[in-house]
Amino acid sequence: MSAESQTRKRKDRKKRVKESGSERIEYLLKKYEDAEDDEDNLSYSSAKGLIDEEDFNERTGSDHHQHSSGSKVGFFAIAVFLLLLGGLVTLTALIFLELKDTNEVTTPIAESRYASILGDLVEERSKEHEDEESEVNAEEEKEEEKDDSDDRVEEGEQIDEYLTHHRQEFDESETVIDGLDNDVQYSFSEEEHPNVEKGGAVSGHDYEWNYQERFEETKYDEHEKASEVEKNGDAVSAETEAKDSANEVIQSEFEQSIRKEEQTVLQEHSDLEEHNVPEEAIRIEAPDNLYQERNVIEGEVVNTEEKAVPSEDWRNSYEHVDVTNEYDYAIHDELDKAEREIEKSTTEAKQLFDAILQSYKLSPRATYGKARCLDKLSEQKRSNAILEESVYVYRDVLRLPNVSDALFRLAGERCVERMTFRGFIAKAVSVQQLLIERFSNEAKYRNNLAVLYLLLGQNKAAKEILEEVLRMFPNDGFAKVHYGFILKIDDNDYTTAIQYLQEGIETGEPGTVDGRFYFQLGDALSKQGQHQEALKVYESGAAKGLFLSAYQRSLYNVDTLTGRPWWTSEQTTYKGHLEKLEKNWKVIKEEAVALLDENNKGFIPESEGLRDTGVWEQFELFARGKKFKDNCAKAPKTCRLIEEIPDAATCNRGQVKFSIMHPGTHVWSHTGPTNCRLRAHLGLVVPSGLRIRVVNDTRQWIEGRFIIFDDSFEHEVWHEGNSYRLVLIVDFWHPELTPYQKRTLSPI
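The structure reproduced in this document is the subject of the present report. (Residues numbered from 1 in each chain as written. Predicted model: local features only at pLDDT ≥ 70, side-chain atom pairs only at ≥ 80, totals over all residues. Heavy atoms only, no water.)

A short note on the side chain of Asp328
This is how it is decided: Counting from the N terminus, the helices are the DSSP runs of H or I reaching at least four residues and the strands are the DSSP runs of E reaching at least two. Exposure classes here rest on a 1.4 Å probe applied to the protein chains alone. A residue is buried below 20% of its type maximum, exposed above 50%, and partly exposed in between. His residues and chain termini do not enter the charge count, which takes Lys and Arg as positive and Asp and Glu as negative. We define a salt bridge as a side-chain nitrogen of Lys or Arg found within 4 Å of a carboxyl oxygen belonging to Asp or Glu. Here a polar contact means two N or O atoms within 3.5 Å. Within protein one must be a hydrogen donor candidate and the other an acceptor candidate, and residues neighboring in sequence count only if both atoms are side-chain atoms.
Examined against the element boundaries, Asp328 turns out to sit in helix α11 (residues 326-329). Buried charge without a partner: Asp328 forms no salt bridge, and the closest opposite charge is Arg365, 5.2 Å away. One polar contact links Asp328 to Ser363, side chain to side chain, over a distance of 2.6 Å. Separated by 2.9 Å, the side chain of Asp328 and the backbone nitrogen of Arg365 make a polar contact.

So, in structure tokens, the structure goes:
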């Protein structure tokens, strides 16, 4: 066959193979092409003989062309195949016979006679199984870690969500009490005292004890805020602490094990439903085993710790047994250590309590200890944010299960005290009600609730509470003096008020030896014409240190200040300012009289209950250190003159005002609220028949001139003339006050 013919045949075969798509034919053709050009080559013929003849002839187009050598090789291949198949069957049969009775097999397969044959396979399979099992375990661990991570994220989100809602609920739950919190914020300077016996339950506002008096927001000094920022390396993060507090509340509220003698942790079912809290978690009680803490999340109970049960005799030997329950006793060494650290380092003590709470989230003592640390830190750093957080943590103590009575008292009372200091009076009401529920047979918690209502100006509600107390405890002195106070101030029932005030004061109970009650009793007696009896009450109060003297009966005082009824301009140190005002008295008078031409528009009646008869009104220009812009726009020249006198314009315990008094007016004898100011009257319109008494010295006004007195002393006014009296009243800081005192004393 020529080379050209062979080449053409090869090309034709390749074309047919490509068209058929047979990989097997492709392989055989490749073998054929690698051989020499001999068409009868054995490699190709042998390979061709392994293929179905009919199929092969069909694909190659050679239906009738066969080679004898290919047939022989085909038979040989079949014979070899059958021989191998027989050997395999024989081997299988031997294995089957060896293992047919599996119950009698005691030799591991790796040590059997077939180890040489199957050993490698067994070892490989075993290793693969171990690797596979390891991979499965690793995957399961990853899944578990992922689930745990998801749970933690979900729990964290739940805590954050609850925290937001809980704080909102905490801030808004008392709106039924008219939302007066932000308006009743106050604090006392360390240098003044409210003339209340130590241990007394209340602190009033002014000499009339007008509980509706509005105070500016209590806050620590602005100049100390800078130092707080500088110390923020040690500062407590309010947000972090809030989350810690919320976590403790969450653990408490999700406690599942239920027994008697429990503490209600959420007030309303609506709150629970909103946060998908299980119904069984509405009321939390002590777990069956106080030495196991359980985290309850969506119904799953996880045992997180076990503690050794203490012996019963620990109650007879442990120093702090009154504030320790069995749960806390199991960790009392850690708690005692943290509490000892409070006086040494508040920051380190807080860290210790935080560490305890990481493992023992239901620990009442650790929660209370943390609140104490925050409380102290707020004082050290002068921080309202930390103070407010301490209030939340104190309140958390009341939500935990099995809190001892003693610890419940400590946390609840301090919580109310700090809330009141911060001005959160309505919120303090809700905590006070928890104390009443816990100690329903004790009068003092109802009495203190009445005081909180008085601070909110809810005198009617306070009166109802006090009447309830007096029905339950008819001889309670605290309830009597407060009830007498309300009868005098609100009802003008002097006779009944005198009875309750006298009886209450005579008990000498804590909270009754108070300058306010002595003041109100003396005032009621005086208005009943019993002046000598009134003087005896005042002298008794002065002897007890409640008043600076029987005649100087102000309640908000700095004790070191000089006190005298009448002052000269030289003694005041404001002589230059006083003379300038006197020089411009006609300009001032012109603006004041112009106001009267507008039908006294802007003048308001005296509202402190000091007027016996007649008409007495005032037009304020400055009060509590602030300018009344609208009124000053009507008397701009007068206000500009006052603004040149900083100790008058910025006196937050005084006023600048026009005062008009009509004929026939009598003002009861009374005293001002503080000895921190001096009062100057500039006569503008002064008819005859006027007089003013300060203690035992009576004087008169003169047009264009000042009279100056200390209104913390008893004074009284009569107008027996025929036309109105008009004066400019200017209050100045007492000249002996320091700049710091002037800046920090609370407004009145």
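Once the structure has been displayed, the description carries forward.
As for a nonpolar patch on the surface
Worth spelling out the cut-off: Surface patches are defined over residues having more than 30% relative accessible area and no salt bridge, joining like charges when they lie within 9 Å and nonpolar side chains (Val, Leu, Ile, Met, Phe, Trp, Tyr) when within 5 Å. Under the convention used here, a 1.4 Å probe and the Shrake-Rupley method define accessible areas, while residue burial counts only the protein chains that appear.
On the surface, a cluster of nonpolar side chains totalling about 600 Å² of accessible area is made up of Ile78, Phe81, Leu82, Leu85, Leu88 and Val89. By relative accessible area, Leu88 is classed as exposed at 51%.

Details of the packing of helix α26 (residues 585-596) against helix α28 (residues 636-643)
So the rule is basically this: Here an axis means a line fitted to C-alpha atoms, over the contact stretch when the element is a helix, while the angle between two N-to-C directions is reported on a 0 to 180 degree scale. Angle categories are assigned with fixed cut-offs, so that under 35 degrees is roughly parallel, over 145 is roughly antiparallel, 65 to 115 is roughly perpendicular, and the rest are oblique. It only takes one pair of heavy atoms within 4.5 Å for two residues to be counted as in contact. Polar here means any residue outside two lists: the nonpolar Ala, Val, Leu, Ile, Met, Phe, Trp, Tyr, Cys and Pro, and the charged Asp, Glu, Lys and Arg; Gly therefore counts as polar.
Close contact between α26 and α28 brings their axes to 8 Å; oriented N to C, the two are set at 135°. With respect to α28, the element α26 is oriented oblique. Of α28, the residues touching α26 (which contributes Val587, Ile588 and Glu591) are Pro636, Lys637, Thr638 and Leu641. Its residues assigned to classes, the contact of α26 with α28 shows 4 nonpolar, 1 polar and 2 charged.

Here's the deal with the pattern of salt bridges
Enumeration according to the criterion identifies 35 salt bridges in this entry. Arg438 is the partner of Asp405 in a salt bridge, and the nearest nitrogen-oxygen pair spans 2.9 Å. With Asp405 in helix α16 (residues 405-422) and Arg438 in helix α17 (residues 425-438), the pair connects residues that are 33 residues apart, well separated along the chain. Given the relative accessible area of 43%, Asp405 is considered partly exposed. By relative accessible area, Arg438 is classed as partly exposed at 26%.

As for the packing of α16 against helix α18 (residues 443-455)
In plain terms, the rule: The crossing is said to be left-handed when, going from far helix to near helix, the turn is anticlockwise and less than a right angle, and right-handed when the turn is clockwise.
The interhelical angle for the contact between α16 and α18, taken along N-to-C directions, is 15°, at an axis separation of 12 Å. One finds that α16 runs roughly parallel with respect to α18. Our pair here, α16 against α18, has a crossing hand that is left-handed. Note on element contacts: α18 touches α16 through Lys444, Tyr445, Leu452 and Leu455, opposite Arg409, Glu413, Val416 and Thr420.

Things to note about the state of the cysteines
As a reminder of what qualifies: Defined by distance alone, a disulfide is two cysteine sulfur atoms within 2.5 Å.
Summed over the entire model, instances satisfying the criterion amount to 1 disulfide. Covalently, Cys632 is tied to Cys639 through a disulfide, its sulfur atoms 2.1 Å apart. What sets the handedness of the Cys632 and Cys639 disulfide is the S-S torsion sign, and at about -85° it is left-handed. For the pair formed by Cys632 and Cys639, the shared burial category is buried. Cysteine Cys651 remains unbridged, with the sulfur of Cys676 as its closest cysteine sulfur at 8.6 Å. When its relative accessible area of 1% is taken as the criterion, Cys651 is described as buried.

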